6 protein chains.
Amino acid sequence: MLLHLSTWAEVEQFLSRSRTIVVPIGSNEQHGPTGLLGTDWLCPEIIAREAEKAADILVAPTFNIGMAQHHLGFPGTISLRPSTFIAAIGDWTRSLVGHGFDRILFLNGHGGNDASIEAAFSEIYAEASFGRRRAGFALKLCNWWDLEGVGELAREQFPTGHGSHATPSEIAITQWAFPDAIKRADYAPRIAPSGPIREALDFRARYPDGRIGSDPGQATPAKGGELVRLAAQSLARELEAFSCEPVPA
Amino acid sequence: MLLHLSTWAEVEQFLSRSRTIVVPIGSNEQHGPTGLLGTDWLCPEIIAREAEKAADILVAPTFNIGMAQHHLGFPGTISLRPSTFIAAIGDWTRSLVGHGFDRILFLNGHGGNDASIEAAFSEIYAEASFGRRRAGFALKLCNWWDLEGVGELAREQFPTGHGSHATPSEIAITQWAFPDAIKRADYAPRIAPSGPIREALDFRARYPDGRIGSDPGQATPAKGGELVRLAAQSLARELEAFSCEPVPA
Amino acid sequence: MLLHLSTWAEVEQFLSRSRTIVVPIGSNEQHGPTGLLGTDWLCPEIIAREAEKAADILVAPTFNIGMAQHHLGFPGTISLRPSTFIAAIGDWTRSLVGHGFDRILFLNGHGGNDASIEAAFSEIYAEASFGRRRAGFALKLCNWWDLEGVGELAREQFPTGHGSHATPSEIAITQWAFPDAIKRADYAPRIAPSGPIREALDFRARYPDGRIGSDPGQATPAKGGELVRLAAQSLARELEAFSCEPVPA
Amino acid sequence: MLLHLSTWAEVEQFLSRSRTIVVPIGSNEQHGPTGLLGTDWLCPEIIAREAEKAADILVAPTFNIGMAQHHLGFPGTISLRPSTFIAAIGDWTRSLVGHGFDRILFLNGHGGNDASIEAAFSEIYAEASFGRRRAGFALKLCNWWDLEGVGELAREQFPTGHGSHATPSEIAITQWAFPDAIKRADYAPRIAPSGPIREALDFRARYPDGRIGSDPGQATPAKGGELVRLAAQSLARELEAFSCEPVPA
Amino acid sequence: MLLHLSTWAEVEQFLSRSRTIVVPIGSNEQHGPTGLLGTDWLCPEIIAREAEKAADILVAPTFNIGMAQHHLGFPGTISLRPSTFIAAIGDWTRSLVGHGFDRILFLNGHGGNDASIEAAFSEIYAEASFGRRRAGFALKLCNWWDLEGVGELAREQFPTGHGSHATPSEIAITQWAFPDAIKRADYAPRIAPSGPIREALDFRARYPDGRIGSDPGQATPAKGGELVRLAAQSLARELEAFSCEPVPA
Amino acid sequence: MLLHLSTWAEVEQFLSRSRTIVVPIGSNEQHGPTGLLGTDWLCPEIIAREAEKAADILVAPTFNIGMAQHHLGFPGTISLRPSTFIAAIGDWTRSLVGHGFDRILFLNGHGGNDASIEAAFSEIYAEASFGRRRAGFALKLCNWWDLEGVGELAREQFPTGHGSHATPSEIAITQWAFPDAIKRADYAPRIAPSGPIREALDFRARYPDGRIGSDPGQATPAKGGELVRLAAQSLARELEAFSCEPVPA
């Protein structure tokens, strides 16, 4: 069930059978010469919506702008500061918890979001459990590439040149979902350099075309489809397990 | 051109011919017994993407969660506090201005956003023009129903029972775009009551099924299509005029 | 009853017969070549205090600095950023609600405040109704020129050249209240230009003497007196109606 | 010169002969059984406006709501949280410094404001001198009872029972300025108790009628007039000295 | 008992016999040509730990970075902005109050902290007593030089040239505690100048070697030892009195 | 060189030969039945000060309170909210960068700090590089157990029951440094359970004595000494490498 295409009454009914919701979350940022700017929010959206076709899960609208300050040296990147990002995740959570959801899984598509999302969870818990109250809900961060089996499949598909930004696996997923938006370029070098991440201008100097350690030329729509199907199945299981996790009384 | 389906290099090229961008912005909130929770962000997204098919404009990802605290009494509504909303609009703006965009038009689908968006503009201008500097960019808020001719067409289509929330015009637009997600209900009363807007529980008590002054039963996909086509044409002209607006030196 | 000239015991007594209070709120900003910098906070203060002479109402101290960032290009303007303004309105409200006031009407004298005041209301409601509590109080924004009959009288008095900033009606009100502070100037052009409002330097370039669309030369103390008397009567009725407004249980 | 009764052009002219401004600042809070709620902002306003009659000084609008959280147990008190207060003082300062004022003297009427005002100064300096820039302006806090000679006069007038809140000297000043608003009460005990200040309910328990250590029954309008005249003269000298203070290059 | 060298179970036991805790708080900032950068947090730490040897008191970890923006012109100074400082004191307090401590004494070593600490207390009380609740805890600020008898001893030891920054008394205390870190310099002039405190560059221009009004050349480890022993005894009595202070019901 | 035992002039001299500084950072939180509350800030402090004995490095005061909200269910824990923590790290960084340090290594002792510290770095970079400026400094987070060789040694010393909180390696380090503060307890079970980390009460229910997955009974002062010596050597090399890291122009 896609929340944005449902009515409030349908969500009320859903809440009578489940209190778990998945929020696709990502970033809108450069992904090298051929990667779509939306890659990091499109991937979790694609996977969650694929999972929704086969399972009774509720998918929230996509949180599409994340923490991408180090990519701001490339046109088209849009970033929240960590402080804004944390406040916004808090408002989403408070809204959903207010309706009765008590298991919120953020399916994330951007590694650069991890620190701010974890910090947001702590900020929310600190507020909700102030004065020794029990918060009454659980938040979970899950990167799509950490879903069961997905990392293994990606390593099989791309034994070299997977890298960590503008990876062939994420490019492949968007190719599968948006075949009309496949871009081509000559990559030089074929496998991009690796190194540390600092601020935006430093990033652009180290990684002139935006990639880190990757060769996205290996991506194909077919490989993307394999990844999406496996990730969708694993997500459904992950949500099931999260829903059942015992909460100490 | 859809920013999220473009590469950074394509955005760089776009900037060489235009420095104007449109950001669809709305809210995810209850829209009565039959309206989609996504209505207010889907409408500007639908209109902007329709306009993009016929004109060389750049459409940003959709800012899909807005200021909807008064709708939080209905499941599925997700709201930012005004302070968070203002901070986030600031971060979007700073990101885009950093790339060279100097005309940002927010195409809005939720009247309840207006105050916070205008406040955000003032906050951003206050920061950017601190110390008597010229900000160097212009921000504009445009509700889709205020686009040239659109209000007139809606009044013609729905001479009574248009109302102000869960209106037949916005419902019609989402019916046209998502024919598989059309919902049915008996409306009682046919035209919902009107009145002031206060906090969330007061809202639900005054407007038990979520509508204000509207009879969404009049909506049809065909009427929605008429609205979208007209709005898309007006948006293209609005962007053209905004781009050409003289800035005093 | 003027709160600042009362004791806490007198306010305690007032609360036993009414839980409504009016807060004059405005801005300290340039008002063209002849308008007083205090115009926008003086007008609601003058009207509220006139109303207080004939009715048992409680008038709070005047909130005299508002959101005027676009006027900062002219000496003497003092502005709060929207974020500060919102925080301060919240603190005033929390203080008054803590004493038992449950109807707070902000009588506003500056259109540029509207967005931030409405945003502040939503921020306060969001906090007060968090966790599905009923807030228990109502906030209302009323611009003095929207009081019943006032707009009509102003249009009668000034059929042309009323404009939207440094209007003859607001100048007339301050002339009536402060006859020793009436200023003269040659207006060129007689009726100032109109246009959009952006940031401070853009504003000064578009509107070199500070006026927008107005000919304040038409103001007279007598016309100001007429406006004040009518507005004061309408304000008393407005407060009465607000006090009696049914709150859904 | 009173800023709020001046035009922007008059302020521009003033700036050509002086870059110093005085801001009356206080609090709206209970002042015992007979003291006006406005006492703490009225006193500096009265003194500054008296000084303005005899000297070419510029008096800003009064900053009338301060830090009075410990008085919130008494109806009519309105308080900013320190964080809001600090933000607002920052915005006033940035506005005035933007116009070219480089000496801002806050004439304060509420001891409870001192900490927040000093903290605000440090916050503003921290921002303005970030990156080893010279701030280029000086801020000064002056409590009216610390103006030269004023404390001595008050001790002479009220050798016993002056106390620290709802003092006979501040009551006398408002009696002189607002003879129609003089209130009477039996004080029991005649001299109120003294002790520490903690939070609001603790305060009301310790000081049931709101006074601390004072016997305001000794106040007379005549004594108030003496205090105002002396304070006004001292203020003029204080502003002169502040204007001339050498700034190390 | 030193909290950081205890286990949580030992703290739980302490809470069964006392609900009072002392937090050494200071600043890390320049202290003239011979003073240690840590002087202002070392002094209260030294005194509190000396007191702990003889009395059953609980000493928290030292809050070592305070409000020192005016010292940032000298290398090695580290400062929090007042807003950060206030937030952090709030978090410490909320943590400790959550465990059951209801008397928190901040033993301070930096006069420049006073305003921000007092503002923090008001901010915390405002939050804790919101909605007319009783906060249930008391906060106290005590500068070590204001402990009973300590000021007298310092004036006896250093009748001239004590000054207000990089004083011989604070230097002496660190000499006693860190004899291996005693530094020597020629002071020119012997007694440093005095004057007002503004922002950082102004400070360095007025006080080129960092001292204000002091001659630290008079400091000796022996004098420091005398000060520490007296201060430690007074602190123990101060904590005892604070613990016993009656709280109005 | 220990910054807090140095003068500003000595730091100025250090800056002429190096622009790198190490900041020990940790948390004050429960560490099971025998672990010291200060464990997480003591460990990096101990290691950094050991390294300082043999190398020309500069050690800042210890940032001793971190993000420990999930440990607040145990007495003695003191935690900053992530938002406060981020603000404070920003202020430390701005102070140090203002003096000319351009390589700041945070040697961390608490895994729960990682997310907030990384978020803080992004917040600082976002501010410093706003408007496409180069920030001009680099920040690095290094957990002491990730220093070269340290993890391997710990795994050798404690092949089973190392766990992730109140680990034998961190306990051993504090035993070596504070032999008088070694505590004993019967651990039941010997190896504590493992699982996810949520909010404070959930944590205490899952991990009743505070340990996660660890058997701290294996700790000895001797093993702690081995870890400290190795970590100190690795830290010196890490700082050297960080200082030499090429910065793209």
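Just above sits the structure.
A. Main features of the overall build of chain A. Scanning chain A from terminus to terminus reveals eight helices and three strands. Reading the helices (α) and strands (β) of chain A from amino to carboxyl end gives α-β-α-α-β-α-β-α-α-α-α. Taken over C-alpha atoms, the radius of gyration comes to 18 Å for chain A, in line with the 18 Å a tight globule of 249 residues would show. C-alpha extents for chain A along the principal axes are approximately 55 × 35 × 30 Å. Split into buried and exposed, the 249 residues of chain A put 66% on the buried side. A fraction of 74% describes how many contacts in chain A between residues 6 or more apart in sequence connect residues 24 or more apart.

B. Quick peek at the relation of the copies chain C and chain D. When chain C is fitted to chain D, the residual RMSD is 0.0 Å, and the transformation amounts to a turn of 180 degrees plus an axial shift of 0.0 Å. Both copies are brought into coincidence by an operation consistent with a two-fold rotation axis. Nearest to the rotation axis, the C-alpha of C:T84 is located 3.3 Å from it, this being the minimum over chain C. An overlap of 100% is found between the interface residues of chain C and their copies at the interface of chain D, pointing to a shared contact surface.

C. Structural view of the environment of A:A177. Within the secondary structure, A:A177 sits in helix α6 (residues 168-177). When the C-alpha positions of A:A177 and A:V228 are compared, they lie 9.3 Å apart, and in sequence the two are 51 residues distant.

D. The arrangement of the relation of the copies chain B and chain A in detail. With an RMSD of 0.0 Å, the fit of chain B onto chain A corresponds to turning through 180 degrees and sliding 0.0 Å along the axis. Taken together, the interface assignments show that 100% of the residues at the interface of chain B recur at the interface of chain A, consistent with an identical surface on both copies.

E. How the structure looks around the sheet that holds strand β1 (residues 20-25) of chain A. Residues and elements named next belong to chain A. An order of β1-β2-β3 is seen for the three strands of this open sheet, with the pairing classed as parallel. Of all strands in the sheet, those bounded by a partner on one side alone are β1 and β3 (138-143). When strand polarity is set aside, the average angle formed by the axes of neighbouring strands in this sheet is 20 degrees. Bridge count for β1 against strand β2 (residues 103-108) is six bridges, and the pairing is parallel. Residue pairing for β2: I21 is matched across the bridge by I104. Its contacts with the sheet put helix α2 (residues 39-54) on β1 and β2, and the angle it makes with β1 is roughly 150 degrees.

F. Focus on the sheet that holds strand β2 (residues 103-108) of chain F. All names here are of chain F. Overall, parallel pairing links the three strands, which are arranged β1-β2-β3 in an open sheet. With partners counted over all chains shown, the strands left at the sheet margins are β1 (20-25) and β3 (138-143), one partner each. Averaged over all neighbouring strand pairs, the angle between strand axes comes to 20 degrees, with direction disregarded. Docked against the sheet, helix α2 (residues 39-54) engages β1 and β2, running at close to 150 degrees with respect to β1. Along the sheet face, helix α8 (residues 221-244) touches β1, β2 and β3 and points at about 150 degrees away from the line of β2.

G. Expanded view of unusual backbone geometry. Omega for the peptide link from D:A188 to D:P189 comes to 0 degrees, which places this bond in the cis form. Position of D:P189 among the secondary structure elements: in the loop between α6 (168-177) and α7 (200-206). Unlike most non-glycine residues, B:A166 shows phi in positive territory, near 60 degrees. Among the secondary structure elements, B:A166 is positioned in the loop between α5 (150-157) and α6 (168-177). For B:A166, a relative accessible area of 0% gives the class buried.

H. Region of the structure containing the interface of chain C and chain D. At the junction of the two partners, chain C supplies 49 residues and chain D supplies 49 residues. Counting every contact that joins chain C to chain D gives six salt bridges. The salt bridge involving D:E12 is made with C:R204; its shortest N-O contact spans 3.9 Å. Counting across the interface, chain C meets chain D through 22 residue pairs in polar contact (both at pLDDT 80 or more). When contributions to the side of chain C that touches chain D are tallied by element, the ones reaching two or more residues are α1 (8-17), α2 (39-54) and α3 (82-99) of chain C. When residues in the side of chain C that touches chain D are grouped by element, the largest group, nine residues, is from α3(C).

I. Quick peek at the interface of chain B and chain A. On the side of chain A, 49 residues touch chain B, which itself brings 49 residues to the contact. Taken together, the two surfaces of chain B and chain A that pack against each other cover about 3,900 Å², and 64% of this comes from carbon and sulfur. Our count for the chain B to chain A interface comes out at six salt bridges. Joining chain B to chain A, the criterion identifies 22 residue pairs in polar contact (both at pLDDT 80 or more). Looking at the side of chain B that touches chain A, the elements with two or more residues in it are α1 (8-17), α2 (39-54) and α3 (82-99) of chain B. A per-element tally of the side of chain B that touches chain A places α3(B) first, with nine residues.

J. Broad picture of the arrangement of the chains. Over all C-alpha pairs, chain B and chain E never come within contact, reaching a minimum spacing of 18 Å. One finds no contact between chain C and chain F; the C-alpha atoms of the two approach each other to within 17 Å at their closest.

K. Quick look at helix α3 (residues 82-99) of chain F. Residue and element names in this part refer to chain F. A rise of 1.5 Å per residue sets the reference length of α3, with its 18 residues, at 26 Å; its end C-alpha atoms lie 26 Å apart and thus fit the reference within 8%. Counting buried positions over the 18 residues of α3 gives 14, a clear majority of the element. Of the residues trailing α3, G100 is marked for its positive phi of about 115 degrees.

L. Spatial organisation of helix α5 (residues 150-157) of chain A. Residue and element names in this part refer to chain A. Burial in α5 covers these residues: V150, G151, L153, A154 and Q157. Buried positions in α5, seen along its axis, are confined to an arc of 160 degrees and lie on one side of it. Exposed side chains of α5 directed beyond 90 degrees from the buried face belong to R155 and E156.

M. The arrangement of the pattern of salt bridges in detail. Tallied over the full model, the rule gives 91 salt bridges over all chains. Linking C:E50 and C:K53 is a salt bridge whose minimum nitrogen-to-oxygen distance equals 3.2 Å. Of this pair, C:E50 and C:K53 both sit in helix α2, three residues apart, which is roughly one turn of that helix. F:D56 is the salt-bridge partner of F:R17, the closest N and O atoms lying 2.7 Å from each other. Of this pair, F:R17 sits in helix α1 (residues 8-17) while F:D56 is found in the loop between α2 and α3, placing the two residues 39 residues apart along the sequence. A relative accessible area of 48% places F:R17 in the partly exposed class. A single network of salt bridges, built from pairs that share partners, joins A:R81, B:D91, B:R94 and B:E127.

N. View of the nonpolar core. Judged by nonpolar contacts, the single largest core of 412 residues is most densely connected at A:L235, B:L235, C:L235, D:L235, E:L235 and F:L235. The residues contacting D:L235, other than those within four sequence positions of it, are D:V22, D:I47, D:A48, D:A51, D:L105, D:L107 and D:L147.

O. Region of the structure containing the packing of aromatic side chains. Here the structure, examined in full by the defined rule, presents 48 aromatic pairs over all chains. A centroid spacing of 5.4 Å and a plane angle of 65 degrees characterise the contact between A:F63 and A:F85, whose relative ring orientation is edge-to-face. With A:F63 in the loop between α2 and α3 (82-99) and A:F85 in helix α3, this pair connects stretches of sequence that are 22 residues apart. For the pair A:F63 and A:F85, a shared accessibility class is recorded, and that class is buried. Their ring planes at 65 degrees and their centres at 5.0 Å tell us that C:W8 and D:F74 sit as a pair that is edge-to-face. On the criterion of chain membership, the pair formed by C:W8 in helix α1 and D:F74 in the loop between α2 (39-54) and α3 (82-99) is interchain, its members lying in two chains. Taken individually, C:W8 and D:F74 each receive the classification buried, so the pair is uniform in this respect. Within the aromatic cluster, the residues linked to one another by ring pairs are A:W8, B:F74, B:F203 and B:Y207. Positioned above the aromatic ring of D:F242 is the side chain of D:R103, whose terminal nitrogen or guanidinium carbon lies 5.7 Å from the ring centre.

P. Geometry of the side chain of A:D215. One can find A:D215 in the loop between α7 (200-206) and α8 (221-244). Excluding residues within four positions of it along the chain, A:D215 makes contact with A:G161, A:P168, A:Y187, A:R190 and A:I191.

Q. Region of interest: the state of the cysteines. All names here are of chain A. Summed over the entire model, instances satisfying the criterion amount to zero disulfides over all chains. Just so you know, C244 is unpaired, no disulfide at all, and the nearest cysteine sulfur is the one on C142, 16 Å from it. Take C244: its relative accessible area is 53%, and that puts it in the exposed class.

R. Local environment of the pairing of strand β2 (residues 103-108) of chain C. Residue and element names in this part refer to chain C. Extensive coverage of β2 is indicated by the burial of six of its six residues. Both faces of β2 are covered, namely the face carrying R103, L105 and L107 and the face carrying I104, F106 and N108. Both β2 and strand β3 (residues 138-143) contribute to a ladder of six bridges, which runs parallel. Pairing of N108 across the sheet is with N143, part of β3. Regarding the hand of the β-α-β motif, the stretch spanning β2, helix α4 (residues 114-128) and β3 is right-handed.

Rules used throughout
Residues numbered from 1 in each chain as written. Chains lettered and ligands numbered in written order. Predicted model: local features only at pLDDT ≥ 70, side-chain atom pairs only at ≥ 80, totals over all residues. Heavy atoms only, no water. Helix = DSSP H or I, 4+ residues; strand = E, 2+ residues; numbered from the N terminus. Rg over C-alpha atoms; globule rule 2.2 N^0.38 Å. Buried < 20%, exposed > 50% of the residue type's maximum accessible area, 1.4 Å probe, protein only. Contact = heavy atoms within 4.5 Å. Least-squares fit on C-alpha atoms with pLDDT ≥ 70 in both. Pairing = 2+ DSSP bridges. Axes fitted to C-alpha atoms, helices over the stretch in contact; angles between N-to-C directions. Salt bridge = Lys/Arg side-chain N within 4 Å of Asp/Glu carboxyl O. Polar contact = N/O pair within 3.5 Å; in protein donor to acceptor, adjacent residues only side chain to side chain. Buried area = accessible area lost by both parts, 1.4 Å probe. Expected span 1.5 Å × (residues − 1). Arc of directions from axis to C-beta. Core = buried A, V, L, I, M, F, W, Y, C linked by side-chain atoms within 4.5 Å. Phe/Tyr/Trp six-rings, centres within 6.5 Å; stacked < 30°, edge-to-face > 60°. Lys NZ or Arg CZ within 6 Å of the ring centre and 35° of its normal. Disulfide = S-S within 2.5 Å. Right-handed = clockwise from strand over helix to strand, strands pointing away.

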